[in-house]
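# Understanding the architecture of this molecule
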Amino acid sequence: MYGRGQHGGGLGFGPPLTPPIIKQLLIANGIVYLLQLAYEPVTDLFGVVPYLVWQKGFLWQPFTYMWLHSKFFLGHILMNMFVLWMFGSQVAMAWGPKRFLRFYLVCGVGAGFIIATIPYLLLPLGGSPASLAIATVGASGAIYGVILAYSLTWPDRTIMLIFPPVAFRAIWLIPTLFFMTLLFGGGNVSHVGHLGGVIVGWLYLRRSGDARSLLTLEQLKYRWRRYRMRRRLRAVQYEEWEARRRENDKRFH
């Protein structure tokens with residue numbers, strides 16, 4: 001649930017409409033998922049496996065993995081497609097289909113190459129050679145890039161989570177999702193893929209100028225100070241209210 005406008009318009013669930021490009025991405029992911037269920041080798045051949053990408057030349061995998069999802073957990077594709085619909089629809093309407101699709105693919109493919117590369121970089125630091133043979137699937141890298149674009153385009157919109165019921169500004173959406181994923185995601189979540197999508201999306205937006213005035217250290221420090229000031233102000237207001245309540249209780253007793 002999120003606010004559809006910064007200056008009034010209240011809270012609403014979901015986007016006001018679903019652009020055709022979002023519908024097409026949802027359908028494409030659904031069709032590929034059915035192919036996975038029907039034909040076992042699809043997942044093995046098209047998921048990102050670092051060893052296959054860099055030592056066997058399977059260079060298509062950083063592109064194809066983002067259309068696949070876990071066959072054993074239906075919630076994987078359902079959650080990814082829900083988030084794509086929820087936040088991607090607004091970005092696609094603001095950007096147009098071509099620009100949105102290009103950004104979506106760049107974030108997904110970029111995250112795929114990061115997934116394939118990081119295990120090799122970690123080997124000299126004590127990383128496990130077994131990680132080179134682990135397959136990664138899912139659109140999360142591309143979707144995290146889309147979430148980043150949403151949070152930078154409308155940083156002051158209010159996001160209201162269903163569980164836990166917490167409200168916050170959209171600029172804090174990525175840190176909140178990372179925290180929740182680390183807390184509740186389990187051991188099969190590709191945090192590298194999520195972070196890769198954010199990094200690639202951030203670089204893309206910085207290059208195009210869309211994030212230059214928003215995603216700076218100074219801006220983040222300012223927003224953090226403002227958040228802490230609001231917290232302190234609420235605490236002071238609560239203490240004043242509590243003091244008045246106790247005073248009223250004394251009068252009546």
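These remarks concern the structure in this document. What you see is a predicted model; the values in this text were computed from it and never measured.

Conventions used here
- Residues numbered from 1 in each chain as written.
- Predicted model: local features only at pLDDT ≥ 70, side-chain atom pairs only at ≥ 80, totals over all residues.
- Heavy atoms only, no water.
- Salt bridge = Lys/Arg side-chain N within 4 Å of Asp/Glu carboxyl O.
- Helix = DSSP H or I, 4+ residues; strand = E, 2+ residues; numbered from the N terminus.
- Buried < 20%, exposed > 50% of the residue type's maximum accessible area, 1.4 Å probe, protein only.
- Core = buried A, V, L, I, M, F, W, Y, C linked by side-chain atoms within 4.5 Å.
- Contact = heavy atoms within 4.5 Å.
- Patch = residues over 30% accessible without salt bridge, like charges linked within 9 Å, V, L, I, M, F, W, Y side chains within 5 Å.
- Areas by Shrake-Rupley, 256 points an atom, 1.4 Å probe, with all protein chains shown as cover.
- Axes fitted to C-alpha atoms, helices over the stretch in contact; angles between N-to-C directions.
- Parallel < 35°, antiparallel > 145°, perpendicular 65-115°, else oblique.
- Left-handed = near helix turned anticlockwise from the far one by under 90°.
- Expected span 1.5 Å × (residues − 1).

Should their charged atoms come close, side chains of opposite charge can pair. Counted according to the given criterion, the structure contains one salt bridge. For Glu40, the salt bridge identified is with Lys71, shortest N-O distance 2.6 Å. Taken together, the positions of Glu40 in the loop between helix H1 (20-38) and helix H2 (41-46) and Lys71 in the loop between helix H4 (61-64) and helix H5 (74-95) put the pair 31 residues apart, joining distant regions of the chain. Since its relative accessible area comes to 47%, Glu40 is described here as partly exposed.

It is worth spelling out the nonpolar core at this point. Of all hydrophobic cores here, the largest spans 50 residues; its most connected members are Leu84, Phe87, Val91, Phe100, Tyr104, Ile143 and Ile159. For this core, the secondary-structure elements that each account for two or more residues are H1, H5, helix H6 (97-122), helix H7 (140-153), helix H8 (173-184) and helix H9 (191-208).

Before going further, it helps to spend a moment on the environment of Gly201. In this structure, Gly201 sits in helix H9. The exposure class assigned to Gly201 is buried, which follows from its relative accessible area of 0%. Considering only alpha carbons, one finds Gly201 and Ala149, 52 residues apart in sequence, at a separation of 7.4 Å. Contacts of Gly201, omitting those with residues within four sequence positions, involve Phe103, Cys107 and Leu148.

Now for a nonpolar patch on the surface. Residues Ile27, Ile31 and Leu35 make up a contiguous nonpolar surface patch of roughly 300 Å² in combined accessible area. Take Ile31: it is sitting in helix H1. On the accessibility criterion, Ile31 (49% relative accessible area) is partly exposed.

Moving on, we get to the packing of H1 against H5. Contact pair H1 / H5: the axes reach a minimum separation of 9 Å and the direction vectors enclose 165 degrees. Here H1 lies roughly antiparallel to H5, going by the angle between them. In this structure, the crossing between H1 and H5 has a hand that is right-handed. Contact with H1, carried on its side by Ile21, Ile22, Leu25, Leu26, Asn29, Gly30 and Tyr33, involves Leu74, Ile77, Met81, Leu84, Trp85, Gly88, Ser89 and Ala92 of H5 and no other residues of that element.

Between its terminal C-alpha atoms H9 stretches 26 Å, which fits the 26 Å expected from 18 residues at 1.5 Å a residue. Within H9, the full set of buried residues consists of Gly193, His194, Gly196, Gly197, Val198, Val200, Gly201 and Leu205.

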